[in-house]
Amino acid sequence: MAQYQHVIAGSGLIGGFLGGIIGQSARVSFIGRPNWLGRLAEGVTLTDYAGNETAYKASAEECLSELPTKIERSIIWLTVKNTALEEMLTRLQPVIAPDCIVVCCQNGLGAAALARKYLPGIRILQGIVGCNVVWNESLKQLQKTTEGEFYLEQPEDLAPELTKVLSAVQHKLLMLSWRKDIEAVAWAKLQLNLANSINAIVNQPVRTMLLDRGCRQVIAALMDELLAVTAARHIRLPKLTRVPARYLPAVLRLPDWLFKRLASAMLHIEPTARSSMWWDLQAGRVTEIDYLNGAVAEQGALSGIACPINKSVTVLVKSLETSALVATRRPLDGNSLKFQLHLE
Ligand SMILES: NC(=O)c1ccc[n+]([C@@H]2O[C@H](COP(=O)([O-])OP(=O)(O)OC[C@H]3O[C@@H](n4cnc5c(N)ncnc54)[C@H](OP(=O)(O)O)[C@@H]3O)[C@@H](O)[C@H]2O)c1
């Protein structure tokens with residue numbers, strides 16, 4: 001029988017990084033925009049903060065601007081943003097064969113459920129990228145800038161052959177962690193991503209934001225709401241960071257001097273780094289807010305837990321999405337944000 005192929009559907013930061021790793025040991029095709037296909041065809045280096053690196057170059061036949069007319073016996077790594085997912089799933093519907101497996105790699109909540117709705121009969125797995133990846137244009141590098149593994153849903157009945165094919169994503173640059181509790185991992189990752197919106201709103205580098213206690217207090221309040229929702233649902237959050245999920249809000253609320261001493265690892269960030277949501281706002285793109293803070297508020301409502309801060313932050317980001325002044329606005333400090341959110 002023919003070997004499984006790998007297809008990256010939406011080759012950007014995550015698609016390029018996952019595909020570059022898989023391409024070390026297996027054949028991969030990339031579906032993407034011309035800018036990313038050009039980078040992959042010219043050759044990129046994948047790096048991490050620990051000094052590991054590996055090169056990858058896609059061949060011209062492996063770079064496609066459209067989905068092929070038929071995709072069979074393939075692992076499809078779905079790496080578009082949540083905001084582009086519905087369109088990609090609609091395009092996949094007529095071309096995907098039942099022997100394919102789709103791995104949804106989006107942050108936040110809801111991607112796998114949406115894929116199951118659009119692709120009934122296809123096995124859908126959830127994958128969670130625990131690290132950050134950025135592009136360095138001058139070095140032509142896809143840089144993994146933080147710790148974090150690739151968490152992949154492990155169903156009870158996965159055939160050994162498929163386990164082996166999916167393990168192509170395991171590499172010294174990205175450890176693969178098979179998870180039976182993928183829903184809990186998704187919530188734990190979401191807890192960390194709640195700060196992205198605050199970074200976008202305050203219009204400051206991530207490090208500057210974390211050094212501002214007012215900003216940290218807002219992030220802690222967002223996390224408290226998520227922790228209340230997961231507690232109501234009896235979801236036990238796995239530990240994705242040095243500090244266990246339930247203690248993170250307390251650490252964030254520490255006075256600056258103690259926070260700097262106890263949470264120094266959180267501050268080991270490139271001083272100019274910003275969240276992807278900030279970049280989306282600056283570029284006038286619709287953000288993933290509905291799948292992050294918005295999803296906490298929505299799921300909270302379903303469990304009878306009010307999440308007013310996540311709701312207000314969602315509204316605030318949406319208003320910035322449609323503001324003509326977003327690119328020229330001034331930075332905001334944490335206390336002003338607390339005032340805006342009625343968080344005194
Ligand atoms: N970057 C990170 O560090 C990171 C870490 C963990 C998780 N994630 C999550 O991973 C997901 C992907 O994020 P990302 O940062 O990799 O996004 P990204 O860099 O924007 O990559 C997605 C790419 O897919 C392209 N695309 C969208 N629809 C397409 C279509 N129909 N055909 C071909 N290409 C299409 C996009 O092009 P356009 O821009 O033209 O739409 C973009 O180039 C998100 O849910 C994100 O939250 C990201």
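See above for the structure.
Let me sum up the structure you'll find in this document. What you see is a predicted model; the values in this text were computed from it and never measured. (Residues numbered from 1 in each chain as written. Predicted model: local features only at pLDDT ≥ 70, side-chain atom pairs only at ≥ 80, totals over all residues. Heavy atoms only, no water.)

**Quick notes on the overall build of the protein chain**
Then, number 1: A count of helical and extended segments in the protein chain gives 14 helices and 12 strands.
Then, number 2: Taking 20 Å as the expected radius of gyration for a compact globule of 344 residues, we find that the protein chain reaches 20 Å, a close match to that expectation.
Then, number 3: Principal axes of the C-alpha set define a box for the protein chain whose edges measure 65 × 45 × 40 Å.
Then, number 4: Evaluated residue by residue, the protein chain yields a buried proportion of 52% over its 344 residues.
Then, number 5: Taking the intrachain contacts of the protein chain between residues at least 6 apart in sequence as the baseline, contacts between residues at least 24 apart amount to 71%.
Then, number 6: With an accessible surface of roughly 16200 Å², the protein chain has 54% of that area assigned to carbon and sulfur atoms.
Then, number 7: Taking the 36 positively charged and 31 negatively charged side chains of the protein chain as two groups, their mean positions are separated by 4 Å. (Helix = DSSP H or I, 4+ residues; strand = E, 2+ residues; numbered from the N terminus. Rg over C-alpha atoms; globule rule 2.2 N^0.38 Å. Buried < 20%, exposed > 50% of the residue type's maximum accessible area, 1.4 Å probe, protein only. Contact = heavy atoms within 4.5 Å. Areas by Shrake-Rupley, 256 points an atom, 1.4 Å probe, with all protein chains shown as cover. Lys, Arg positive; Asp, Glu negative; His and termini not counted. Charge placed at Lys NZ, Arg CZ, Asp CG, Glu CD.)

**Focus: the site of the ligand**
Then, number 1: Around the ligand sit 23 residues in total, of which I14, R33, N107, V133 and E288 are the nearest.
Then, number 2: N107 is positioned with one of its side-chain polar atoms (N or O) 3.0 Å from an oxygen atom of the ligand.
Then, number 3: The side chain of E288 places a nitrogen or oxygen atom 2.7 Å from an oxygen atom of the ligand.
Then, number 4: In the complex, the protein chains occlude 84% of the 890 Å² of accessible area that the ligand would expose alone.
Then, number 5: Elements with a minimum of two residues in the shell around the ligand: helix 1 (13-22) and helix 3 (85-92).
Then, number 6: Among the residues making up the shell around the ligand, the classes are represented as 10 nonpolar, 8 polar and 5 charged. (Near = heavy atom within 4 Å. Polar contact = N/O pair within 3.5 Å; in protein donor to acceptor, adjacent residues only side chain to side chain. Nonpolar A, V, L, I, M, F, W, Y, C, P; charged D, E, K, R; others polar.)

**Regarding the packing of aromatic side chains**
Then, number 1: Under the definition given, this model contains 4 aromatic pairs.
Then, number 2: Ring centres of W36 and W135 lie 5.4 Å apart, and the angle between their planes is 65 degrees; this geometry places the pair in the edge-to-face category. Pair noted here: W36 is in helix 2 (residues 34-42) and W135 is in strand 9 (residues 133-136), with a separation of 99 residues, a long-range link.
Then, number 3: By relative accessible area, W36 is classed as buried at 11%.
Then, number 4: Looking at W135, the relative accessible area reads 18%, which means it is buried.
Then, number 5: Aromatic side chains W77 and F150 sit 6.0 Å apart centroid to centroid with 55 degrees between the ring planes, which places their arrangement in the tilted category. Separated by 73 residues along the polypeptide, W77 in strand 6 (residues 74-78) and F150 in strand 11 (residues 150-153) bring together distant segments of the chain. F150 shares its class with W77; the two are buried.
Then, number 6: In this arrangement the basic side chain of R39 is found over the ring face of W36, its NZ or CZ atom lying 4.5 Å from the centre.
Then, number 7: The side chain of R274 reaches across the aromatic face of W278, ending 4.2 Å from its centre. (Phe/Tyr/Trp six-rings, centres within 6.5 Å; stacked < 30°, edge-to-face > 60°. Lys NZ or Arg CZ within 6 Å of the ring centre and 35° of its normal.)

**A few points about the sheet that holds strand 4 (residues 53-56)**
The strands making up a sheet are joined through hydrogen bonds of the backbone, oriented either antiparallel or parallel.
Then, number 1: Strands sit in the order 4-3-10-9 across an open sheet of 4 strands; the sheet is mixed. Edge positions in the sheet fall to strand 4 and strand 9, since each has one partner strand and no second. Neighbour-to-neighbour, the strand axes of the sheet open up by a mean angle of 20 degrees, direction not taken into account.
Then, number 2: With 4 bridges joining them, strand 3 (residues 44-48) and strand 10 (residues 141-144) adopt parallel strand pairing. Following the sheet pairing, L46 is matched in strand 10 by L142. (Pairing = 2+ DSSP bridges. Axes fitted to C-alpha atoms, helices over the stretch in contact; angles between N-to-C directions.)

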